[in-house]
Amino acid sequence: MIELEQLVVLEKLIKEKADSLFRITIANIFIRYFPMSVNKDKSSAPDWFNWLRLEMLKKENFVEGLSKMHRLSGKTAEHMTRICKKYLKKTPTEFINEIRTTYSVYLLISTNEKIIDICYDVGFNNLGYYYHIFKSLYGMTPLQMRKGKNTESVKRIISENDIFNMFDPSISQGIPLR
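Quantities reported herein were computed from a predicted structural model and do not represent experimental measurements.

The rules behind these values
Residues numbered from 1 in each chain as written. Predicted model: local features only at pLDDT ≥ 70, side-chain atom pairs only at ≥ 80, totals over all residues. Heavy atoms only, no water. Helix = DSSP H or I, 4+ residues; strand = E, 2+ residues; numbered from the N terminus. Buried < 20%, exposed > 50% of the residue type's maximum accessible area, 1.4 Å probe, protein only. Areas by Shrake-Rupley, 256 points an atom, 1.4 Å probe, with all protein chains shown as cover. Phe/Tyr/Trp six-rings, centres within 6.5 Å; stacked < 30°, edge-to-face > 60°. Lys NZ or Arg CZ within 6 Å of the ring centre and 35° of its normal. Axes fitted to C-alpha atoms, helices over the stretch in contact; angles between N-to-C directions. Parallel < 35°, antiparallel > 145°, perpendicular 65-115°, else oblique. Contact = heavy atoms within 4.5 Å. Nonpolar A, V, L, I, M, F, W, Y, C, P; charged D, E, K, R; others polar. Salt bridge = Lys/Arg side-chain N within 4 Å of Asp/Glu carboxyl O. Core = buried A, V, L, I, M, F, W, Y, C linked by side-chain atoms within 4.5 Å.

Enquirer: Quick one: what's the story with the overall build of the chain, residue by residue and with numbers?
Expert: A tally of helices and strands in the chain yields 11 helices and 0 strands. Going from N to C terminus, the chain has its helices and strands arranged as α-α-α-α-α-α-α-α-α-α-α. Looking at the chain as a whole, 41% of its 178 residues are labelled buried. Accessible area for the chain stands at about 10400 Å²; split by element, carbon and sulfur atoms hold 57% of it.

Enquirer: Describe unusual backbone geometry, and please don't skip the residues or the numbers.
Expert: Despite not being glycine, Lys89 shows a phi value in the positive range, around 65 degrees. Within the element layout of this structure, Lys89 appears in the loop between α5 (77-88) and α6 (92-110).

Enquirer: How would you explain the packing of aromatic side chains if you had to name every residue and give the values?
Expert: Taken as a whole and assessed by the stated rule, the structure comprises 9 aromatic pairs. By the ring-pair criterion, three or more aromatic residues cluster together here, those being Phe124, Tyr129, Tyr130, Tyr131, Phe134 and Tyr138. Over the face of the ring belonging to Trp48 we find Lys75, whose NZ or CZ atom lies 5.1 Å from the ring centre. The ring centre of Phe124 lies 5.3 Å from the NZ or CZ of Arg100, which sits over that ring.

Enquirer: An account of the packing of helix α2 (residues 47-56) against α5 is needed here, citing residue identities and associated values.
Expert: In helix packing, the relevant descriptors are the interaxial angle and the interaxial distance, both defined with respect to the helix axes. Running from N to C, α2 and α5 point in directions that differ by 85 degrees, and their axes come no closer than 11 Å. Compared by their axis directions, α2 and α5 come out roughly perpendicular. Seen from α2, the contacting residues are Trp48, Phe49, Leu52 and Arg53; seen from α5, they are His79, Met80, Ile83, Cys84, Tyr87 and Leu88. Residue composition of the contact of α2 with α5, by class: 8 nonpolar, 1 polar and 1 charged.

Enquirer: Explain the pattern of salt bridges to me, and be specific about the residues and the numbers.
Expert: By the definition in use, this model includes 4 salt bridges. Measuring nitrogen to oxygen at the nearest pair gives 2.0 Å for the salt bridge that ties Glu64 to Arg71. A relative accessible area of 37% places Glu64 in the partly exposed class. The shortest N-O distance in the salt bridge between Lys90 and Glu98 comes to 3.0 Å. Look at Lys90 and you get buried, because its relative accessible area is 15%. For Glu98, a relative accessible area of 14% translates into the label buried.

Enquirer: Can you tell me about the nonpolar core, naming the residues and giving the values?
Expert: Judged by nonpolar contacts, the single largest core of 33 residues is most densely connected at Met69, Phe95, Tyr130, Phe134 and Met145. Put simply, the parts of the chain that give this core at least two residues each are α2, α5, α6, α7 (115-121) and α8 (127-138). Counting residues per element, this core draws most heavily on α6, which supplies 9 residues. Ignoring anything within four residues of it in the chain, the contact list for Tyr130 reads Ser104, Leu108, Ile115, Ile118, Cys119, Phe124 and Pro142.

Structure representation (structure tokens):
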């Protein structure tokens, strides 16, 4: 009976850590794409674009991808691309792929889902392309990320931004999940 109680408590702790990691990942995305600015000047992004970036952080939007981003913006594809390059220094596709891969890191580390399922779950339609984008952003494959979740290189990726330490300092010492 004691073993069963211990298993229940352990399961709750793991779920709490996974929830914390998810919140931290979302906060990291906000900080990366929505830096706080003290003063608004003519070089700040238009309100519609700031709203669009927030909307694209919703899973149902980033999974649908570029077509959803175009529909949500209400602007021509060319205009949206110019604004995206001007304020984010990247194309809309690069922006969406970074959101997708960031979310996939969370899934890789906090779940046992198959990598191919994660690939499709985050909106990639081609496993090879997912691996290519993932490796270009993180310097390792999704499988290497999952297998090495407690190695120094993965810890560095997870703790690149101080936002992780604000929410849960234990994350900087390693990912306390399965």
